[in-house]
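Structural characterization, general
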Amino acid sequence: MSHILVVEDEEKLARFVELELIHEGYEVTKSGDGREALELATNNSYDLILLDIMLPGLNGLEVLRRINNPGGPHTPVILLTARDAVMDKVSGLDAGAVDYITKPFAIEELLARIRVALKLHPAGAALQGTSGSGDTAHVAGDDQEGIHRWKSLVLDEKKHRVTYDGKEITLTNREFEMLKVFLTNLDIVMTRDTLLEKVCGYDYVGETNIVDVYVRFLRSKIDEAFDVKMIETVRGVGYVIKS
Ligand code: CA
């Protein structure tokens, strides 16, 4: 049974979500305070956290950042955001949220997103993805599987690491996934829909311009930082990295 932490200070909404989740067979813990939620997340192992942004104590984005800090619990988080708060969504996804849902939401949509998030991020996967040091049995170079290259750029799937000319580039999970999609499809033009599906999941229901936002992040961290032209725009279609 999956255990979900619901962090929401609007009591009626929190209670409603709790009852629906219990009805669906989930185990639920509730918190209405950011600081308390962070403490709960750190000291327990939840499968998923539903996290409101506007919270007393510590705001949701800050809680999210601390959850995804090195040494944090790295529990998958779905953010609950206010309508039109585009910056919250972008900062939230960039800080490592696996998805977001805009309030007010239909409970069916929330349940669908929870199912997808639990399927894509099974318990413990987040921790494995970020550890890296547990991987020392693999001597560098003894196994090229999961290593993708473009010019001086190297993406190592197992170590979840990207370097350019040996310099480490810090990417969020979503940026990493998107870069991986491009590198495993060199010379193939990727449409926004394809990228959205591969990076955000098949059931993702959000703005497709989120793809453009991630391409912009990748370009600023790679193209601009290393003065190369890696991701090319194909007008009206999408993006491509050419070999
Ligand atoms: Ca709130």
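One can find the structure itself at the top, above this paragraph.
Below: a short report on this structure. The structure presented is a predicted model; accordingly, all values stated were derived computationally and were not measured.

We now examine the sheet that holds strand β10 (residues 190–191). Each strand in a sheet pairs with another by means of backbone hydrogen bonds, the pair being arranged parallel or else antiparallel. The three strands are arranged β10-β12-β11 in an open sheet whose pairing can be described as antiparallel. The sheet is open, and its two edges are formed by β10 and β11 (231–234), each paired on a single side. Relative to strand β12 (residues 238–241), β10 runs antiparallel, the two being bridged by two bridges. If you follow M190 over to β12, its bridge partner there is Y239. Its contacts with the sheet place helix α9 (residues 209–226) against β11 and β12, and it is angled at close to 145° to β11.

What follows concerns the pattern of salt bridges. Taken as a whole, this structure holds 15 salt bridges when the rule is applied. Close ionic contact of D99 with R113 constitutes a salt bridge, the shortest N to O distance being 2.9 Å. Of this pair, D99 sits in strand β5 (residues 99–103) while R113 sits in helix α5 (residues 107–120), placing them 14 residues apart in sequence. The same class applies to D99 and to R113, which are both buried.

Attention now goes to the packing of aromatic side chains. As enumerated under the stated definition, the model contains two aromatic pairs in all. When the ring of Y164 is compared with that of F226, the centres are 4.6 Å apart and the planes differ by 25°; the resulting orientation is stacked. Highlighted residues: Y164 in strand β8 (residues 161–164) and F226 in helix α9, separated in sequence by 62 residues. Note on Y164: relative accessible area 6%, which makes it buried.

The rules we used
Residues numbered from 1 in each chain as written. Predicted model: local features only at pLDDT ≥ 70, side-chain atom pairs only at ≥ 80, totals over all residues. Heavy atoms only, no water. Pairing = 2+ DSSP bridges. Helix = DSSP H or I, 4+ residues; strand = E, 2+ residues; numbered from the N terminus. Contact = heavy atoms within 4.5 Å. Axes fitted to C-alpha atoms, helices over the stretch in contact; angles between N-to-C directions. Salt bridge = Lys/Arg side-chain N within 4 Å of Asp/Glu carboxyl O. Buried < 20%, exposed > 50% of the residue type's maximum accessible area, 1.4 Å probe, protein only. Phe/Tyr/Trp six-rings, centres within 6.5 Å; stacked < 30°, edge-to-face > 60°.

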